[in-house]
Amino acid sequence: MVHLTRIYTKTGDDGTTSLGDMSRTSKNDPRLEAYATVDEANSSIGVVLALGDLSEEIRALLVRIQNDLFDVGADLCTPVSDAPAFEPLRVLESQITYLEEQIDKYNSELAQLRSFVLPSGTASASLLHVARTVTRRAERCTWAAIHAFGGGVNPITAKYLNRLSDLLFVLARIANKEIGDQLWVPGANR
């Protein structure tokens, strides 16, 4: 369990921060960039929950995802090692399978796409598209960390973020179901 008794510690005033294994690293470390962007994705989902007009089922799904995103962040901030002092929290394939099940469930309610979807429509859909794009950026940052540290970063975290961005896309389409998707018309304004 996490206990936060002090909000500021001043230990990061020198441009470093602690990873989950208590080692220190630069605040420019690709792992930090990855889990900070995961935090941003989580916050963008919080905005969807605060401002969106969502069913209780989708709200519960998004809250579950917010908890999973903390798992992703914990995983990213704890280097993979052969003999950790404590068993680290790692993202599991079962969490990815759950996202895939949700994608299939909600996508089955939608019409087949004939073009790319413009990120617009209802407020909920637009906010979900913002969360989707932030999640895609978090995935790219995670891949940068994986490439920089090889086996020191769990690649399942990137896979989770990839599926999550797909789910957020599907949920944005669900949020536009009553009004329909606004589709891209290639070269429409030439």
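Here, residues in each chain are numbered from 1, in the same order as that chain's written sequence. Totals for whole chains, interfaces and linings use all residues, but because this is a predicted model, local features are given only for residues with pLDDT of at least 70 and pairs of side-chain atoms are given and counted only at 80 or more. Remark: hydrogens and water are excluded; side-chain values derive from all non-hydrogen atoms of the structure.

As a reminder of what qualifies: UniProt positions are given in the numbering used here, feature names are shortened, and annotations may be inferred rather than shown by experiment.
Within the UniProt record for the protein chain, the comment given under Subcellular location (unreviewed entry) is "Cytoplasm".

**Overview of the packing of helix α3 (residues 93–107) against helix α5 (residues 156–175)**
Counted only if it meets this: Convention adopted: a line fitted to C-alpha atoms gives each axis, helices being fitted over their contacting stretch, and angles between N-to-C directions are expressed from 0 to 180 degrees. To qualify as a helix, a DSSP run of H or I must reach at least 4 residues; to qualify as a strand, a run of E must reach at least 2; elements of each kind are numbered from the N terminus. Under this scheme an angle from 65 to 115 degrees is roughly perpendicular, one under 35 degrees roughly parallel, and one over 145 degrees roughly antiparallel; angles in between are oblique. It is the rotation of the near helix from the far one that decides the hand of a crossing: anticlockwise by less than a right angle makes it left-handed, clockwise makes it right-handed. By definition in these notes, contact holds between two residues if any of their heavy atoms fall within 4.5 Å. Here the nonpolar group is Ala, Val, Leu, Ile, Met, Phe, Trp, Tyr, Cys and Pro; Asp, Glu, Lys and Arg are the charged ones; every other residue, Gly included, is treated as polar.
For the pair α3 and α5, interaxial distance at closest approach is 9 Å and the crossing angle is 20 degrees. Between α3 and α5, the interaxial angle falls into the category roughly parallel. The two elements α3 and α5 meet at a crossing, and its hand is left-handed. Only Ile 156, Lys 159, Tyr 160, Arg 163, Leu 164, Asp 166, Leu 167, Val 170, Leu 171, Arg 173 and Ile 174 of α5 make contact with α3, whose side of the interface consists of Glu 93, Gln 95, Ile 96, Leu 99, Glu 100, Gln 102, Ile 103, Tyr 106 and Asn 107. Among the residues forming the contact of α3 with α5, the class breakdown is 11 nonpolar, three polar and six charged.

**Let's talk about the side chain of Arg 132**
Applicable threshold: Residue burial is assigned from relative accessible area. The probe radius is 1.4 Å, only protein chains are included, and a residue is buried under 20% of its type maximum, exposed over 50%, and partly exposed in between. The charge count treats Lys and Arg as positive and Asp and Glu as negative. His and the chain ends do not count. Here a salt bridge means any side-chain nitrogen of Lys or Arg lying within 4 Å of a carboxyl oxygen belonging to Asp or Glu.
Tracing the backbone shows Arg 132 in helix α4 (residues 123–149). For the buried residue Arg 132, which engages in no salt bridge, the nearest side chain bearing the opposite charge is Asp 166, 8.0 Å off. Contact partners of Arg 132, with chain neighbours within four places excluded, come to Pro 119, Ser 165, Leu 168 and Phe 169.

**Side note on the pattern of salt bridges**
A full pass over the atoms with the stated rule returns 10 salt bridges. Its salt-bridge partner being Glu 100, residue Arg 163 comes within 2.8 Å of it at the nearest N-O pair. Pair noted here: Arg 163 is in helix α5 and Glu 100 is in helix α3, with a separation of 63 residues, a long-range link. Beyond isolated ion pairs, a larger network of salt bridges with shared partners links Arg 136, Glu 139 and Asp 166.

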